[in-house]
Amino acid sequence: MNFVQTLLKANAKRFTAKQYQALMTIAANGGYDYRKEYEFQDHRIPYLPSFIQRVESKLAAIGLFIDSRSANDGSRRKIYSIVPLKQNAPDQ
């Protein structure tokens, strides 16, 4: 079980059962994957960008967010992963 899965498990009550299972599907991959792959793996994710909008505030409350990056293969597709929020460096 990776760090993200452990954090989700500890905060499972913040999410509905469907949201929790869908987030665990995304976290189980451990890396980045295409939107369609996640939607195919779990029927609780009908369309990933709208799912992200529903859970982003709950994820932010526990220090996580769903990152999306360009696939860099010329297809204009995005790849997604759940990652910890970055902390701002202290001012010096």
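Now for a quick tour of the structure. (Residues numbered from 1 in each chain as written. Predicted model: local features only at pLDDT ≥ 70, side-chain atom pairs only at ≥ 80, totals over all residues. Heavy atoms only, no water.)

Topic: the nonpolar core
Thinking step 1. Leu8, Leu23, Leu59, Ile66 and Ile82 are the most contacted members of the largest nonpolar core, which totals 21 residues.
Thinking step 2. The contacts of Ile82, once residues within four sequence positions are left out, are Val4, Leu8, Leu23, Ile26, Ala27, Leu64, Phe65 and Ile66. (Core = buried A, V, L, I, M, F, W, Y, C linked by side-chain atoms within 4.5 Å. Buried < 20%, exposed > 50% of the residue type's maximum accessible area, 1.4 Å probe, protein only. Contact = heavy atoms within 4.5 Å.)

Let's talk about the sheet that holds strand S3 (residues 78–84)
Thinking step 1. If you walk across this open sheet you meet the three strands as S1-S3-S2, and the pairing is antiparallel. Only two strands of the sheet have a single neighbouring strand rather than two, namely strand S1 (33–34) and strand S2 (64–70).
Thinking step 2. In terms of strand pairing, S2 meets S3 through seven bridges, oriented antiparallel. Bridge pairing in S3 links Ser68 to Tyr80. (Pairing = 2+ DSSP bridges. Helix = DSSP H or I, 4+ residues; strand = E, 2+ residues; numbered from the N terminus.)

Some words on unusual backbone geometry
Thinking step 1. Backbone geometry at Asn72 places phi at a positive 60°, although glycine is not the residue there.
Thinking step 2. Positionally, Asn72 belongs in the loop between S2 and S3.
Thinking step 3. Given the relative accessible area of 76%, Asn72 is considered exposed.
Thinking step 4. Notably, Arg76 is not glycine yet its phi reads approximately 65°, a positive angle.
Thinking step 5. Structurally, Arg76 is set in the loop between S2 and S3.

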